[in-house]
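Topology and contacts: notes
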Amino acid sequence: MVKLTDLVFRDGQQSLLATRMRTEDMLPIADELDQVGFFSLEVWGGATFDVCLRYLAEDPWERLRTLRTAMPDTPLQMLERGMNIVAYRNFPDDIVEKFIEYAHKDGVDVFRIFDALNDLRNMKAPIEAVRKAGAHVQGSLCYTISPVHTVEYYVKNFKKLEAMGCNSLCVKDMSGIISPTKAFEIIHSVKEEGVKLPICLHSHTSSGMATLAFIKACEAGVDHLDTVMSPLSGGASHPPTEAIVAALKDTLYDTGYDLDLLMECRKYFQKIWGKYRHLHREQALQVDPSVVVHQIPGGMLSNLIVQLEQFGAIGKFYQVLEEVRVVREDLGWPPLVTPTSQIVGVQAVMNVVFGKYKRVLEETKNYVRGMYGKPPAEISQEVYKTILGRNWHDEIVEARPADLLKPMFKKSRDELEGLGLLKKEEDVLSYAMFPEEAKKLLSGQAKPEFTSDQLPLEYEMQGRRFRVALGSQEYDVTIRGVKR
């Protein structure tokens, strides 16, 4: 039997709806999803936390507690970015530990922990915090294609994660580039090497290979797969839950889930998909096999296009795609996932527009210094000198980056209390990571970018006139009483 984790409330909507699904649109279907029997439902973490604060004027902690109450029988899962937690920079251990403590108290059962560089030093503190809290820790490794990211690389690091106390493991293919062969080889090899932990395969349908990779992963002995309810599947998202359940039915990997129940859930999400259609983007909905070559996630591609437009250099798009690979090699082959995808992508744009490393981002310098962790491969002395200057040796950080940070929970708490905005301990964590957004929310100044009555869940077309052509004739048509 293979179990599924459904990502519709987190990565599915993050991939296709810019993470804008509101809590009020999750609750009506929560009971039905809770009855399916999923291994877990991913409902929190990733971009959901800051989008709640920035755009929806929602308290992410309140969302978590509400969903926990609405779905008592299914483990709730979050994506935790190592020492970045749910933000885009490193935080000290006390913030990481407090965050995980309160996240578990408020409803998270499964913490999927990853680091953008697969630097296990950056995963140690959150793994230990989850174990201390008594929750399930899923150690995740980012999948990418490079000379150093071999099958042996993943086997070696998964064995280390097992020794660090993880309860399960995950191959995190954030770009949708894992082939069926590689999925089989990695999972089979991990099992053959004696790793006893359950293993999950997470992939996106960006390249079109994910469903095939899932089948081969099943043959290799995978325990869990990540899927999304079909209205929010495909393209930059993930394989459809209902299709995977149907494909595995009456096989050794049968999930045992009720397809009729899943079809009822599907009907609901079809309505929700229409409600948010102002966020639909053709690029995110299409399969793009070229991602296997350039390995750039969909969201990063969109950012590159915007940046080139700002520089008036959109004609250099394909040069930037080639430069991304060059920069990745220069920087020791980092996987392209937040925040390394942004660092590599923007530096590639700068190199193409202004000349190779003529303008170097401060983030690129910090990356090369080691402020994000240890790169997967060695960086050459020539690159060090080009980016950091003649005395580059003096700037290299060998320690775990978080070891350089001072504790900040008490300081943040004192500041928030001094502002008269401390209502609960979780607010301190929101403030520590996103101070301006948290202050607006807690002071009542935050305004959502839209409200439900402004969204087109249902719309009237009655009385609208259209000019239509049938063969060689044109007609005026008036729509009467049609509602969709």
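The text that follows walks through the structure, step by step, so that each part is easy to find. (Residues numbered from 1 in each chain as written. Predicted model: local features only at pLDDT ≥ 70, side-chain atom pairs only at ≥ 80, totals over all residues. Heavy atoms only, no water.)

**Overview of the environment of Glu242**
As for its position among the elements, Glu242 is in helix H10 (residues 241-248). Sequence-wise, Glu242 and Gly45 are 197 residues apart; in three dimensions their C-alpha atoms are separated by 24 Å. For Glu242, the residues in contact, after removing those within four places along its chain, are Val228, Met229, Ser230, Pro231, Leu259, Leu262, Met263 and Arg266. (Helix = DSSP H or I, 4+ residues; strand = E, 2+ residues; numbered from the N terminus. Contact = heavy atoms within 4.5 Å.)

**Considerations on the pattern of salt bridges**
According to the stated counting rule, one finds 39 salt bridges in the structure shown. In this structure, the salt-bridge partner of Asp50 is Arg54, at a minimum N-O distance of 3.1 Å. A residue pair is termed a helical-turn pair when its members lie 3 or 4 positions apart in one helix, as Asp50 and Arg54 do in helix H3 (residues 48-56) at 4 residues. Taking the relative accessible area as the measure of exposure, Asp50 reaches 6% and is therefore buried. Of the residues examined, Arg54 reaches a relative accessible area of 35% and is grouped as partly exposed. Salt bridges sharing partners connect three or more residues here, namely Arg10, Asp11, Glu42, Arg112 and Asp226. (Salt bridge = Lys/Arg side-chain N within 4 Å of Asp/Glu carboxyl O. Buried < 20%, exposed > 50% of the residue type's maximum accessible area, 1.4 Å probe, protein only.)

**A closer look at the packing of helix H7 (residues 151-163) against helix H8 (residues 180-192)**
Viewed as axis vectors pointing N to C, H7 and H8 meet at an angle of 40°, and their least axial separation amounts to 9 Å. Here H8 runs oblique to H7, going by the angle between their axes. In the crossing of H7 with H8, the sense of the turn from one axis to the other is right-handed. Taken together, the residues of H8 that come into contact with H7 (itself represented by Val151, Tyr154, Val155 and Phe158) are Lys182, Glu185, Ile186, Ser189 and Val190. (Axes fitted to C-alpha atoms, helices over the stretch in contact; angles between N-to-C directions. Parallel < 35°, antiparallel > 145°, perpendicular 65-115°, else oblique. Left-handed = near helix turned anticlockwise from the far one by under 90°.)

**Some words on the side chain of Thr205**
Residue placement: Thr205 occurs in the loop between strand S7 (199-203) and helix H9 (210-220). A distance of 2.9 Å separates a polar side-chain atom of Thr205 from the backbone oxygen of Gly235. (Polar contact = N/O pair within 3.5 Å; in protein donor to acceptor, adjacent residues only side chain to side chain.)

**Examining the sheet that holds strand S5 (residues 136-142)**
The 8 strands lie next to each other as S1-S2-S3-S4-S5-S6-S7-S8, forming a closed barrel whose pairing is parallel. The average undirected angle you get between the axes of adjacent strands in this sheet is 30°. Here 4 bridges tie strand S1 (residues 3-6) to strand S8 (residues 224-227), and the two strands are oriented parallel to one another. Note on S8: the bridge partner recorded for Asp6 is Thr227. (Pairing = 2+ DSSP bridges.)

**A few points about the nonpolar core**
Among the nonpolar cores identified, the biggest contains 114 residues, and Phe9, Leu33, Trp44, Phe99, Phe158, Leu201 and Leu225 are the most heavily contacted of them. The greatest single-element share of this core, amounting to 7 residues, is contributed by helix H11 (residues 259-275). Contact partners of Phe9, with chain neighbours within four places excluded, come to Met21, Met26, Ile29, Leu33, Glu42, Val43, Thr48, Met71 and Phe269. By size, the runner-up hydrophobic cluster in this structure holds 29 residues, among which are Leu117, Leu301, Leu331 and Trp392. (Core = buried A, V, L, I, M, F, W, Y, C linked by side-chain atoms within 4.5 Å.)

**Focus: the pairing of S7**
Counting buried positions over the 5 residues of S7 gives 5, a clear majority of the element. Where burial is concerned, the two faces of S7 agree: the one with Ile199, Leu201 and Ser203 and the one with Cys200 and His202 are both buried. Pairing geometry for strand S6 (residues 168-173) and S7, over 5 bridges, is parallel. Across the sheet, residue Cys170 finds its bridge partner in S7, namely Cys200. Here S7 pairs with S8 via 2 bridges, running parallel.

**A look at a nonpolar patch on the surface**
Together, Ile145, Val292 and Val293 make up an exposed nonpolar region whose accessible area comes to about 240 Å². Along the chain, the position of Ile145 falls in the loop between S5 and H7. By relative accessible area, Ile145 is classed as partly exposed at 32%. (Patch = residues over 30% accessible without salt bridge, like charges linked within 9 Å, V, L, I, M, F, W, Y side chains within 5 Å. Areas by Shrake-Rupley, 256 points an atom, 1.4 Å probe, with all protein chains shown as cover.)

**Describing the environment of Leu76**
The topology assignment puts Leu76 in strand S3 (residues 76-80). Note: C-alpha distance between Leu76 and Trp61 (15 residues apart in sequence) is 13 Å. Beyond its immediate stretch of four places on either side in the chain, Leu76 contacts Leu41, Val43, Leu64, Leu67, Arg68, Met71, Gly107, Val108, Asp109 and Val110.

**Comments concerning the packing of aromatic side chains**
Inspection of every chain in the model, using the stated rule, returns 17 aromatic pairs. Plain terms: the ring middles of Tyr367 and Tyr372 are 6.5 Å apart, the flat faces sit at 35° to each other, and that makes the pair tilted. Both residues of the pair, Tyr367 and Tyr372, count as buried. Taken together, the aromatic side chains of Trp44, Phe49, Trp61, Phe99 and Phe434 make up a single cluster linked through ring pairs. Here the basic side chain of Arg20 rests over the ring of Tyr55, its NZ or CZ set 3.9 Å away from the ring centre. The ring of Phe409 carries the charged tip of Lys98 above its face, separated from the ring centre by 5.3 Å. (Phe/Tyr/Trp six-rings, centres within 6.5 Å; stacked < 30°, edge-to-face > 60°. Lys NZ or Arg CZ within 6 Å of the ring centre and 35° of its normal.)

**Regarding the side chain of Thr338**
By the secondary structure assignment, Thr338 is in the loop between helix H15 (317-330) and helix H16 (340-354). Among the polar contacts made by the side chain of Thr338, one reaches the side chain of Gln342 at a distance of 3.4 Å. Filtering out sequence-adjacent residues up to four positions away, Thr338 remains in contact with Arg81, Tyr88, Phe114 and Ala116.

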